[in-house]
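Given next are the chains, with one letter for each unit.
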Amino acid sequence: MGQKKDLTGSEKSKIVRYLAEGCSSLKIAKLLKRDHRTIKRFIQNSQQGRKKRVEKPRRKITAHELTKVKRAAAKMPLATSLAIFQSCNITGVPKSTRCAILRDMAKVRKAERRPPLNKTHKLKRQDWAKKYLKTDFSKVLWTDEMRVSLDGPDGWARGWIGKGQRAPVPLRRQQGGGGVLVWAGIIKDELVGPFRVEDGVKLNSQSYCQFLEDTFFKQWYRKKSASFKKNMIFMQDNAPSHASKYSTAWLARKGIKEEKLMTWPPCSPDLNPIENLWSIIKCEIYKEGKQYTSLNSVWEAVVAAARNVDGEQIKTLTGSMDGRLLSVLAKKGGYIGR
C-alpha cells in the first residue's frame, strides 16, 4: 500500500479548532476522513510529520550473472527464487528484485499432475489398447494403492464462506501428520477391500506379495469359484514392487500368469478406472475441509466412504473401459479425460 499524504495546513487548523470545541480524536478523524492514527500522532506531536520512505539502492546483476540465473532456472524447476540465486552464488539481491528478474524468463506454476508422454509411451499405449479391444472387462480386476493423509491434498479445503464469517483455521503440525497406504480392487460391480498396509511398511517385492497373501488371497480370492478364478484377469500398474521378477514369479505360482496377468503401458493412470474410485473416496473423506487427528480415524473414514460406494457406481467405472480404449486410439496414445 502506498504512503498517504501528510496533513495539510488546512487540516491541521481544523484539528486545532475541533479540539478546542471538545471533539475527540476519533470524531475528528471521521470528520476529516483521515486515519485515526494520523490524527493521534499530530495531537501528540504537532511538529512531527510522517516519516519519509527511504528507497534503498537495488542490487544490480551483470549479464553474466543473468545467464547463470537462466540456466539455474531451467535446471531447477519449481525452485524458489532464493534457491536459484544461491545456486549461482549471487547474494545480496532482495526477493522483489529476484522475482522481477525471474518474471522475464519464467513463470510461477504448480507441478504437472501427469508425466509427459514421449513417442514410445504413446506407441505402447496404442498397442495396449489394440491388444485388449476385444477383452471382456467385466472379468478384469483393477487394483491400485492410494495414500491418504490426515490433512488432505494441498489446496483441497476451498469453498464458499458467508459474509461476516471467518474461514476455519486448518490444523498445523510441526512434524506433519503422516498417512495411511490403502490397497483395493474393483471388478464388474464389486469392490475388493479396501485393505490397509501396515504402518511403517515400505512396499517392496517381498512385502507386497506378503500383503496380497494376507489380504487379497486369504480374505477374498480363495472364496471364489474355480470358474471365476479361471477367467479372472489381474491388473496392476508398473510400480517396481508390482512388476519385479520376484512378484511376477510369485503371482505365477498363485495361478496368475500369462494372459491372466494384464500387461500395463507406462504412464497410464488415466486408463485405470480405480483412480476414479480414489477420487470419489477422497472427495467424501475430505469434504468441507475435513482433517483428522489420528491414522486410525482417517482409515475409518476411508472404510466408511468405500462402504457408501454402491455397485452401480463401480459398474459405471469398470464399464467405461471400451470407451477409454477407443479414446486412446483416437488420440494416438495421448492422455484421455478422466
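The shown structure was predicted, so the numbers you read here are calculated from the model rather than taken from an experiment. (Residues numbered from 1 in each chain as written. Predicted model: local features only at pLDDT ≥ 70, side-chain atom pairs only at ≥ 80, totals over all residues. Heavy atoms only, no water.)

Averaged over the protein, the pLDDT score is 86; the fraction of residues at 70 or greater is 86%. Here residues 159-163 scores under 50 on pLDDT; set against residues more than four positions off or in separate chains, the count is three contacts. (pLDDT = per-residue confidence, 0-100. Contact = heavy atoms within 4.5 Å.)

As a further point, take the pattern of salt bridges. Using the criterion set out here, one finds eight salt bridges in the structure. Linking R34 and E11 is a salt bridge whose minimum nitrogen-to-oxygen distance equals 3.0 Å. With a gap of 23 residues between them, R34 in the loop between α2 (25-32) and α3 (36-44) and E11 in helix α1 (residues 9-20) connect regions that are remote in the sequence. R196 is the salt-bridge partner of D199, the closest N and O atoms lying 2.8 Å from each other. For D199, a relative accessible area of 40% gives the class partly exposed. (Salt bridge = Lys/Arg side-chain N within 4 Å of Asp/Glu carboxyl O. Helix = DSSP H or I, 4+ residues; strand = E, 2+ residues; numbered from the N terminus. Buried < 20%, exposed > 50% of the residue type's maximum accessible area, 1.4 Å probe, protein only.)

This brings us to the sheet that holds strand β1 (residues 140-149). In spatial order, the strands read β3-β2-β1-β4; together these four strands make up an open sheet with mixed pairing. Of all the strands in the sheet, the pair left with one neighbour each is β3 (190-196) and β4 (233-235). Each neighbouring strand pair of the sheet contributes to a mean axis angle of 20°, computed without reference to strand direction. Contacts from helix α13 (residues 295-307) reach β1, β2 (179-187) and β3, with the element oriented near 175° to β3. (Pairing = 2+ DSSP bridges. Axes fitted to C-alpha atoms, helices over the stretch in contact; angles between N-to-C directions.)

Scanning the model with the defined rule gives 15 aromatic pairs in all. Considering the side-chain rings of W183 and F211, the 6.3 Å spacing of their centres and the 70° angle between planes classify their relative orientation as edge-to-face. Note that W183 is positioned in strand β2 and F211 in helix α8 (residues 205-219), a separation of 28 residues in sequence. The two residues W183 and F211 agree in class, both being buried. Taking the centre distance of 5.6 Å and the plane angle of 25° together, the rings of F216 and W220 count as stacked. Exposure remark for W220: the relative accessible area of 9% places this residue in the buried category. (Phe/Tyr/Trp six-rings, centres within 6.5 Å; stacked < 30°, edge-to-face > 60°.)

By the element assignment, T215 lies in helix α8. Since its relative accessible area comes to 9%, T215 is described here as buried. For the pair formed by T215 and V192, sequence separation is 23 residues and the distance between their alpha carbons is 9.9 Å. Not counting chain neighbours up to four residues away, the residues in contact with T215 comprise F195 and W220.

Moving on: the environment of L78. Inspection of the secondary structure puts L78 in the loop between α4 (63-75) and α5 (81-87). Classification of L78 by relative accessible area gives exposed; the value is 58%. Taking the C-alpha atoms as reference, L78 lies 9.5 Å from K107; in sequence the two are 29 residues apart.

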